[in-house]
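In case you want the letters, here they are:
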Amino acid sequence: MPSPLSADRPAAQPPGSGSVDALISQTRRLKGGLDAVRRDAQDDGSDPRGRWQRALCDLALHQLDDLDQHLAQLRDGPLPAPGPSEPVVTAPVATAAPPSGSLLGRVGSAEWNLLTDRADWSGELYRILGRDPAAPPLTLDELPSLVLDADRPKLTAMVTDCLVDARPVDGEFRVVRPDGDVRTVHMMGEPVLDADGSTASMWAVLRDVSELRRSQRAVSETRDSLSRRRHRARTEHRVAAELQEAVLPPWHGPLRLPRRDRRLDLYGHRLPASRGAPVGGDWFDALELPDGEVLLSAGDLAGHGIAVASGMTMLLGALRGMAMAGTRPGRLMAGLNRLLDTTVRPALGSAVCCRYRPATRTLVWAQAGHPAPLLFRNGTGRGLRAPDGVPLGGPPDARYGQAEEVLEVGDLLLLYTDGLVPRRWEPPRSSEAGSGAGTAAVSQLLGLAPRFAEARTAQECVRTVVEEFSGTERVDDACVLVARVMS
């Protein structure tokens, strides 16, 4: 690094102002564009990713500010050090920030002559260190008096290496200004050698990097916060997925009833949400009951994560227990609704519950704000007309009706959750909970009736559904359960 105050060689001439002005203009255009990006960044303080993005923009703006200042000083040269004839100003005035718009307030230079024990400081360095411009510049022996105790050994080592071993200086230390403000200063310098190779002086450029380091810390802290949040989300996703695996039927496969009753061909499938989406509270289930009837159910608890997965587990366990005790679908839905009302964390959900009696091929069912089952017969499909039922988590005294449907050999019953198509959870509209029509998912499913008629097994029907909806970007899990009447 050439010294502008070298004892044995002339100072380098600054480059032409025209080329530097062009670089300054480019830098300021970049600052304007980045400032627009920063304003567009949505950050209400609650999103770690938004805080990290804003901190990164702030850091980039500080770096562009530094570049702007360096280029301006390269064009204009250093400000002259205050002369002895200048009026003495008080320390508080000397420590004030440079005038608004000044580009030279954070970079200063100095030279310490070892032969004469003279120090020369630029005007910017006085402002950086908060020194009175009328006061004499500090010598290398006096400079550590401004430095924090913890950083003095670092400064001493840098200066010693430069003066004794002729090594360049490149490091940072913190100084305490007269007003008590602590600033971080980055110093770069080199020794100036005389004719016989001995160190005659040390020249350095000192830059106030306090704001830059503060912005870098903000970026690091917000990045760490975002990393911790992502790690927590991955952990919650894994635990919630394991909880689902523990209590629900397999992701896909035939649902084998213990007595292997072939009067119903059952097959279920759970379609996971798009990659990266948290685990939701969707479920499906098939259970053979003590009286020979078969329980078919599907449901969805609003939300995502471990709390929702554990709530779904609680609901499914209660549903199975009440069904095993002989509770009919309408009263079963009322029991689940009261159960959600007593939980510590309020929740909303939907469910459909069917009891099928193979001996008479009779289906008795109830719903709680859930899409009605779809019935396919002879190549056509329709939604079953639903009995009354509000979503789970509604008024604790809500009543749930029951409906009955007589099935025929060859009929196909399809239960599903509304995560098949992208849509935020909300209580189903009356058209959805009633006739089962009115959503994109229902329209697509009913359109599969001819293909269902050609299918030989429930598994083939489920495969058809998966193929139809596999290209959908889902924000939630989805479940499909198919029951085909065999005899």
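Note that the structure is a prediction, hence the values are computed from the model and not measured.

A. Quick peek at unusual backbone geometry. Even without a glycine there, the phi angle at Ala 166 is positive, about 60 degrees. With respect to the helices and strands, Ala 166 occurs in the loop between helix H5 (152–165) and strand S3 (169–176). Judged by relative accessible area, Ala 166 falls into the partly exposed class, the value being 38%. Phi at Asn 378 takes a positive value of approximately 55 degrees, unusual for a residue other than glycine. Residue placement: Asn 378 occurs in the loop between strand S12 (374–377) and strand S13 (380–383).

B. A look at the state of the cysteines. With the rule as written, the count across this model stands at 0 disulfides. Cys 353 takes part in no disulfide bond, and the closest cysteine sulfur, belonging to Cys 354, lies 6.6 Å away.

C. Main features of the side chain of Asp 265. The residue Asp 265 is located in strand S7 (residues 264–271) in this model. With a relative accessible area of 10%, Asp 265 lands in the buried category. Reaching out from Asp 265, the side chain makes a polar contact with the backbone nitrogen of Ala 458 at a distance of 2.7 Å. Look past the residues within four positions of Asp 265 in its chain and what remains in contact with it is Thr 457, Ala 458, Val 482, Ala 483, Arg 484 and Met 486.

D. Layout of the confidence of the model for the chain. This prediction gives the chain a mean pLDDT of 79; 75% of its residues lie at or above 70. Every residue in residues 1–14 scores below 50 in pLDDT, and together they form 27 contacts with partners more than four places removed in sequence or on other chains.

E. Focus on the environment of Asp 181. Within the secondary structure layout, Asp 181 lies in the loop between S3 and strand S4 (182–193). Each C-alpha atom of the pair Asp 181 and Gly 130 lies 9.0 Å from the other, and the pair is 51 residues apart in sequence. Contacts of Asp 181, omitting those with residues within four sequence positions, involve Val 175 and Val 176.

F. Geometry of the packing of aromatic side chains. Inspection of the entire model under this criterion finds 2 aromatic pairs. Ring geometry for Trp 121 against Tyr 126: centres 5.2 Å apart, planes inclined by 65 degrees, an arrangement best described as edge-to-face. Per residue, the accessibility class of Trp 121 equals that of Tyr 126, and both read buried. Note on Phe 376 and Phe 452: the rings are 4.8 Å apart at their centroids and 90 degrees apart in plane angle, and the pair reads as edge-to-face. Within this pair, whereas Phe 376 is found in strand S12, its partner Phe 452 is found in helix H11 (residues 449–454), the two being separated by 76 residues in sequence. Pair check on accessibility: Phe 376 and Phe 452 agree, each one buried.

Cut-offs applied
- Residues numbered from 1 in each chain as written.
- Predicted model: local features only at pLDDT ≥ 70, side-chain atom pairs only at ≥ 80, totals over all residues.
- Heavy atoms only, no water.
- Helix = DSSP H or I, 4+ residues; strand = E, 2+ residues; numbered from the N terminus.
- Buried < 20%, exposed > 50% of the residue type's maximum accessible area, 1.4 Å probe, protein only.
- Disulfide = S-S within 2.5 Å.
- Polar contact = N/O pair within 3.5 Å; in protein donor to acceptor, adjacent residues only side chain to side chain.
- Contact = heavy atoms within 4.5 Å.
- pLDDT = per-residue confidence, 0-100.
- Phe/Tyr/Trp six-rings, centres within 6.5 Å; stacked < 30°, edge-to-face > 60°.

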